[in-house]
Amino acid sequence: MVASTHWLASAAGMAVLERGGNAFDAAVATGFALQVVEPHLNGPGGDLPAIVYDAARSEVKVVCAQGTAPAAATIERFEQLGLDAIPGTGFLPAVVPGAFDGWLLLLRDFGTWRLADVLEFAIGFAEAGFPIVPAIERAVRGVEDVFRDEWTTSAEVFLPVPRAGTLFRNPGVAATYSRIVAESRGGTREQELERARALWYEGFVAEQIDAFVRTETMDTTGVAHAGLLTADDLAGWHATLEPPLARDYHGHTVFKTGAWGQGPVFLQQLALLERFDVQEMGLGSAEFVHTVVECAKLAFADREAWYGDPAFVDVPIDLLLSDAYADGRRALVGEEASGELRPGGPSPRLPAPVGGAAAAGVGEPTRASGDTCHLDVVDRHGNIVSATPSGGWLWSSPVVPGIGFPLGTRAQMFWLEDGLPNSLAPRKRPRTTLSPSLAFRDGDPYLAFGTPGGDQQDQWSLVFFLHHVDFGLDLQAAIDAPSFHTNHFPSSFYPRQARPKEVEVESRFGDAVLSELSERGHAVNVRDGWSLGRLTAAAVDRDGVLKAGANPRGAQGYAVGR
């Protein structure tokens, strides 16, 4: 089974499985295809976390392909530029583009196919074209003036605005990947992958990036800035395999990334909810929405106060995931909506608010639309992959000449305030929002799931998980059920706005539920009935039957299998 946020990418992954590839081969092919067919949601210059279960080794691993900040990126450097926040677009927020090495690491250590075979689909879509969905047309139209007036290299690729339903080609991306395939070919599979990696991080791709980021370009500050990323930054970085964090909940064990991502916030929410009778509250009830939202506020307050790259800061993760800590925090959940941001732990410190407003372009418009991509794959061997590729969106920064794609802007997630876990530092990972999920059931490998959506990822995916585990809905029904989230805490994206007490709720909850939430003090923002989340999921059932589901919201997600 393959489930992803675009039907063509799912079809590519399924073609790999049909031709004998395993789940890891299929995931890599799906991920590279997503870079091409969802350019408004991710790109080759983006980043990647993945959680995988390897049936042969009976182990769960996290692939961390979150690129790090440049060596020259310091708080002092930004202060000299007169900035109190890293802009959301342009070259200043660029980090090492990690997705390419992440996919190659997954293919090398767990897959069986050669690079040329998994890249065949992405190259084909980029060369021959793929149908534009309305969201891509809207995205390009939203930055048309910026492209035409400021980012002329992007205008060469994306203008005139492509119309929905027409074929779109990106010959630059096709040529880049074709060149890597041609120049890395020969020898063992592992030797080919190593040569391909060198071409990207030490060869012509790194050289093109190094040269172009010296150009001053307009960003969200309204001022043109050159970037800090260099070829040396790319050459000195590698994707890594790491152990996951985990927590048990009602017969399930959920695995997430470390605190360099927001993944542990999912586990903290489970710890808080564990001693509430969620099932008794009733599916879709105001009590259910209120309780989940209030627990989310507490968990995300801890994210703000404590999460950061563990290679640089001491994150008290054992405390934050402990039963005793959850028991104490759970007492803060009252009958009324809290207007406070209340982290726990020893002497927590929250970032100071920042000023500024968006100018040219945007950081990542994830508050409701759910940008980023996601994919889930399970195979006949029992292997499981959950991955959330993102970054390098078409509006993140200008297209780099000679390689056909923009760089990601993940450094906007750092704070320019000293002493915080997520403060900017050279070669540090920004605390990403990208958050794939993998779960066991009764000790058996079971489920991969996730969604695009920035700060909402570990809210929408939690709602899905509770629908499935506590209310017994099947995967598709759990995805389809009405969803919600809170914007109570500061956004991870420029300009870092918070909207205390705000809860966004799909209209399908009904007037009675919406009224009760308002009476409890929530600032209720009613959204379209099918608008929040872009979940996909795939699972291996107890009897070996594979199953999957994909989101109808946006009419793009697709689950396929045999």
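All values derive from a computational prediction rather than experimental measurement.

Quick notes on the rules
Residues numbered from 1 in each chain as written. Predicted model: local features only at pLDDT ≥ 70, side-chain atom pairs only at ≥ 80, totals over all residues. Heavy atoms only, no water. Buried < 20%, exposed > 50% of the residue type's maximum accessible area, 1.4 Å probe, protein only. Helix = DSSP H or I, 4+ residues; strand = E, 2+ residues; numbered from the N terminus. Pairing = 2+ DSSP bridges. Axes fitted to C-alpha atoms, helices over the stretch in contact; angles between N-to-C directions. Arc of directions from axis to C-beta.

(A) Fine view of the pairing of strand 13 (residues 437–441). Burial runs high along strand 13: 5 of the 5 residues are buried. As judged from the 4 bridges shared by strand 10 (residues 252–256) and strand 13, these two strands associate in the antiparallel manner. Note that in strand 13 the partner of Phe255 across the bridge is Leu438. Pairing of strand 13 with strand 14 (residues 444–450), which is carried by 5 bridges, proceeds in the antiparallel orientation. Of the residues in strand 14, the one forming a bridge with Phe440 is Pro445. Connecting strand 13 to the antiparallel partner strand 14 that follows it, the hairpin turn spans 2 residues, and Asp442 within it adopts a positive phi of roughly 50 degrees.

(B) Layout of the sheet that holds strand 19 (residues 546–550). The 6 strands lie next to each other as 9-10-13-14-18-19, forming an open sheet whose pairing is antiparallel. In this open sheet, the two strands that pair with only one neighbour each are strand 9 (245–249) and strand 19. Along the sheet, successive strands turn relative to each other by an average axial angle of 20 degrees, direction set aside. Two strands pair when backbone bridges link them, and strand 14 and strand 18 (residues 536–540) are joined in this way by 4 bridges, in the antiparallel orientation. Looking at the pairing, Ala448 lines up with Ala538 of strand 18.

(C) Representation of helix 17 (residues 323–330) within the structure. Along helix 17, the residues that are buried comprise Tyr325, Ala326, Arg329 and Arg330. What you see down the axis of helix 17 is that its buried residues fit within an arc of 130 degrees, all on one side.

(D) Focus on unusual backbone geometry. With an omega of 0 degrees, the peptide bond between Leu159 and Pro160 qualifies as cis. Mapped onto the fold, Pro160 is located in the loop between helix 8 (152–158) and strand 5 (167–168). A cis amide bond links Tyr494 with the next residue in sequence, Pro495, at an omega value of 5 degrees. Secondary-structure assignment places Pro495 in the loop between strand 15 (484–486) and strand 16 (502–506). A positive phi is found at Asp442, a non-glycine position, where the angle reads about 50 degrees. Mapped onto the fold, Asp442 is located in the loop between strand 13 and strand 14.

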